[in-house]
Amino acid sequence: MRTRTAGTTRRTGTVAALAALVLGVTTACGGGDSGGDDADKPKKPDSAANATAEPKDPKDPGQVSEPPALEEQPKTVNPAVKGVGAGGGKELTKAELDEAVLATGDVSTFKAGPMDGPPAQGETADDPACAPLTAMINGRPEPEASAAVYRQLVGAKTGRPAISEFLTTHGTQGATTLLSRLNDAVKACEDGFKGTGSGSSPSTYSAVKRLDAPKAGDDTLAYQVTGDFEGDPVPLVFHVVRVGGTVATFYTANLEGTKTPEIPSILLATQAAKLK
């Protein structure tokens, strides 16, 4: 889907299904599935059922199919941001996560909005070593969180690009284990893996690679999972930051090409500051 031509309609639908699967929310979809009933094509999961048939206006905050260049970001954390005390290993409640998650005004270049949690049933990796990766794709990091909140971040001026965040609390040991397992999975699954879900064709992820991660909180990890959909690569990027027993995961995707999409480091720095 490099250009909007008649021949790209099927990929628009397939990618919309991917976005809905990863985000667990229909508002992130940029197109519908017009691909027919071919058994050998990836199926649109239930969470993508409300995706529209045609690409939306590029200024629509729900449209993520053409990521624009990011505007210049703040260099330092907003001094008005105050920590909630999670740095000491406190296991936050859902109410405390709602207070701690990024909100409009925390980063001047982004607005934050609500996002539905992921569906109960997600993908399962064909290789157990890659299970931590599918857990993140499902929006349910493992070990299982005791509480979680989900947000969508969009450009304050343009309404784009869409970056999703989920903030989860695990306790210090659980959060440390989560990052450790993800690190191992990125190494073990660099040649890719497959994910299967209930009632859908397998998803193919052709490669996994570590990315440079800006320092934030107690631990950080950034990596890219490349989805292989109908022969076209779709880069999915995750940036993960741990503060005590809380883990913030930021996700975005490039649905137009092969370039690795950017997640501004100021988002990680501000979220870490808001947790401490």
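Structural data are supplied above this passage.
None of these values were measured; they are calculated from a predicted model.

A. Structural detail: the overall build of the protein. Assigned secondary structure in the protein consists of five helices and nine strands. Listing the helices and strands of the protein from first to last along the sequence gives α-α-β-β-α-β-β-α-β-β-β-β-β-α. Relative to its full complement of 276 residues, the protein shows a buried share of 50%. Total accessible area on the protein stands at roughly 11800 Å², and carbon and sulfur atoms take up 48% of it.

B. Representation of the nonpolar core. If you look at the biggest cluster of nonpolar residues, it comprises 30 residues, and the most contacted ones within it are L133, L182, F193 and Y223. Counting residues per element, the ones that place at least two in this core are α3 (131–137), α4 (171–188), β6 (203–211), β7 (219–229), β8 (232–243) and β9 (246–253). A per-element tally of this core places α4 first, with six residues. In terms of nonpolar packing, the next biggest core, distinct from the first, is built from 27 residues, V101, V149, L211 and A248 among them.

C. Looking closely at the packing of aromatic side chains. According to the stated counting rule, one finds four aromatic pairs in the structure shown. Ring centres of Y150 and F166 lie 5.8 Å apart, and the angle between their planes is 40°; on these two criteria the pair is classed as tilted. Within this pair, whereas Y150 is found in strand β3 (residues 147–155), its partner F166 is found in strand β4 (residues 163–169), the two being separated by 16 residues in sequence. Just as Y150 is buried, F166 falls in that class too. For the pair F193 and Y205, a centre-to-centre distance of 4.9 Å together with 25° between the ring planes defines the contact as stacked. Of this pair, F193 sits in strand β5 (residues 193–196) while Y205 sits in strand β6, placing them twelve residues apart in sequence. Taken individually, F193 and Y205 each receive the classification buried, so the pair is uniform in this respect.

D. Spatial organisation of the sheet that holds β7. Within the open sheet, the nine strands sit side by side as β1-β3-β4-β9-β8-β7-β6-β5-β2. Their pairing is antiparallel. Looking along the sheet, the strands with just one partner apiece sit at the ends: β1 (110–114) and β2 (124–125). Pairing of β1 with β3 involves five bridges; the strand directions are antiparallel. When the bridges of β3 are listed, G113 appears paired with Q152. Here α4 sits on the sheet and contacts β4, β6, β7, β8 and β9; the angle it forms with β7, its principal contact strand, is near 45°. Across the sheet, helix α5 (residues 265–275) is in contact with β1, β3, β4, β8 and β9; its angle to β9 comes to roughly 160°.

E. Representation of the pairing of β9. Burial analysis of β9 places eight of its eight residues in the buried class, which makes it a mostly covered element. Here β9 shows two buried faces, one formed by T246, A248, F250 and T252 and the other by V247, T249, Y251 and A253. The pairing of β4 with β9 spans six bridges and is classified as antiparallel. Counterpart to L167 in the pairing with β9 is A248. Sheet topology note: the β8/β9 ladder contains eight bridges and is antiparallel. The residue bridging V241 from the neighbouring strand is A248, located in β9. Adjacent in sequence and paired antiparallel, β8 and β9 are bridged by two residues, among which G244 carries a positive phi angle near 60°.

F. Quick peek at α4. Spanning 18 residues, α4 covers 26 Å between terminal C-alpha atoms, matching the ideal 26 Å at 1.5 Å per step. Listed in full, the buried residues belonging to α4 are G171, G174, A175, L178, L179, L182, A185 and V186. Across the axial projection of α4, the buried residues extend over an arc of 135°, all falling on one side. In α4, those exposed residues whose orientation departs by more than 90 degrees from the buried face are Q173 and K187. The inward-facing, buried residues of α4 abut α3, β4, β6, β7, β8 and β9.

G. Highlighting the pattern of salt bridges. Under the criterion given, the structure shown has five salt bridges. Between K90 and E96 there is a salt bridge, with its nearest N and O atoms 2.7 Å apart. The residue R242 makes a salt bridge to D218 at a minimum N-O spacing of 3.9 Å. Residue R242 is located in strand β8, and its partner D218 is located in the loop between β6 and β7; the two are separated by 24 residues in the primary sequence. Three or more residues joined by partner-sharing salt bridges are found here, namely K94, D98 and R151.

Rules used throughout
The residue numbers shown here count from 1 along each chain, following its written sequence. Only residues with pLDDT of 70 or above have their local features reported here, since the model is predicted, and side-chain atom pairs are shown and tallied only from 80 upward, although totals for entire chains, interfaces and linings are computed over all residues. Here the side-chain values reflect all heavy atoms present in the structure, with hydrogen atoms and water set aside. Secondary structure elements are taken from DSSP: a helix is a run of H or I of four residues or more, a strand is a run of E of two residues or more, and numbering for both begins at the N terminus. To sort residues, take the accessible area from a 1.4 Å probe on protein chains only and compare it with the maximum for the residue type: under 20% means buried, over 50% means exposed, and anything in between is partly exposed. Accessibility throughout is a Shrake-Rupley quantity obtained with a 1.4 Å probe, and a residue counts as covered only by protein chains that appear here. Among buried residues, those of type Ala, Val, Leu, Ile, Met, Phe, Trp, Tyr and Cys that are joined through side-chain atoms within 4.5 Å constitute a nonpolar core. Each pair of aromatic rings taken from Phe, Tyr and Trp, with Trp reduced to its six-membered ring, is defined by centres within 6.5 Å and is described as stacked if the planes are under 30 degrees apart, edge-to-face if over 60, and tilted in the remaining cases. Strand pairing is assigned whenever DSSP detects at least two bridges linking the two strands. Note on definitions: a residue-residue contact is assigned when non-hydrogen atoms from the two residues lie within 4.5 Å. For helices, the fitted line uses only the C-alpha atoms of the stretch in contact; every axis is such a line through C-alpha atoms, and the angle between N-to-C directions lies from 0 to 180 degrees. Expected span, for any helix, means 1.5 Å times one less than how many residues it has. This arc corresponds to the set of directions leading from the helix axis out to the C-beta atoms. Salt bridges are defined as contacts in which a side-chain nitrogen from Lys or Arg sits within 4 Å of a carboxyl oxygen from Asp or Glu.

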